[in-house]
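Survey of secondary and tertiary structure
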Amino acid sequence: MKDLPIGASDELTITTTPDMGVAHLPVPMYSTPAMVQHFEMLCLKLLQQHLDSGETSVGYRVDIRHMAPTPIGMQVTLKGKVTKVDGRKVVFDVEAYNQAGAKIGEGLHERRVIDMSRFAQTGARPGAGQGA
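Residues numbered from 1 in each chain as written. Predicted model: local features only at pLDDT ≥ 70, side-chain atom pairs only at ≥ 80, totals over all residues. Heavy atoms only, no water.

Notes on the nonpolar core
Soluble globular proteins tend to pack their nonpolar side chains together in the buried interior. Counting residues in each nonpolar core, the largest one holds 26 residues, and the members touching the most others are Y30, M35, L78 and F92. At the level of secondary structure, the elements contributing two or more residues to this core comprise β1 (9-15), α1 (32-48), β3 (75-86), β4 (89-98) and β5 (103-115). Here this core gets eight residues from one element, more than from any other, and that element is α1. (Core = buried A, V, L, I, M, F, W, Y, C linked by side-chain atoms within 4.5 Å. Buried < 20%, exposed > 50% of the residue type's maximum accessible area, 1.4 Å probe, protein only. Helix = DSSP H or I, 4+ residues; strand = E, 2+ residues; numbered from the N terminus.)

Describing α1
The end-to-end C-alpha distance of α1, which contains 17 residues, comes to 24 Å, matching closely the 24 Å that a straight helix rising 1.5 Å per residue would cover. Taken together, the buried positions of α1 are occupied by A34, M35, V36, H38, F39, L42, C43, L46 and L47. For α1, the secondary structure elements touched by its buried residues are β1, β2 (55-66), β3, β4 and β5. Measuring from the side-chain oxygen of the N-cap residue of α1 to the backbone nitrogen of A34 gives 3.2 Å; that N-cap residue is S31. (Expected span 1.5 Å × (residues − 1). Contact = heavy atoms within 4.5 Å. Polar contact = N/O pair within 3.5 Å; in protein donor to acceptor, adjacent residues only side chain to side chain.)

Let's talk about the pairing of β4
The sheet contact formed by β3 and β4 spans 10 bridges and is antiparallel. Within β4, the position partnered with D86 by the bridge is K89. Joining the antiparallel neighbours β3 and β4 is a turn of two residues, in which G87 adopts a positive phi near 65 degrees. Between β4 and β5, which follow one another and run antiparallel, lie four residues, and G101 among them has a positive phi close to 95 degrees. (Pairing = 2+ DSSP bridges.)

Regarding the packing of aromatic side chains
Counting across every chain of the model gives zero aromatic pairs. The positively charged end of R112 is found above the aromatic ring belonging to Y60, 3.6 Å away from the centroid. (Phe/Tyr/Trp six-rings, centres within 6.5 Å; stacked < 30°, edge-to-face > 60°. Lys NZ or Arg CZ within 6 Å of the ring centre and 35° of its normal.)

Structural notes on the pairing of β3
Taken together, the seven bridges between β1 and β3 define a ladder with antiparallel strand orientation. When the bridges of β3 are listed, I14 appears paired with V76.

What follows is the structure, given as structure tokens:
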């Protein structure tokens, strides 16, 4: 992995769609699983710029609070910032805001940088990589 400075940041703006919604509510709202997916996409995109050939990253930890509802159809801007790099471990602070300016989510996302060829050999085995 190339040098990844603490404070490196990026953002992603999406328009929420029905497939991102909560199915069990009477009014379509942006779901927590969709928010987590978008945080992961954002952090992966930020990290990929700093990876060497043959490397990628996988999600390792997610600790997110979904703080306010956002109706389907509204835009959401997600922001991520690198707060810690320890070897192959990268930790991000993440935040999400809807187009009305309300903070709708915040938390932490951790990714681990992996060697794709090594993962291809061991990743399919149950229990492989435990204790990462």
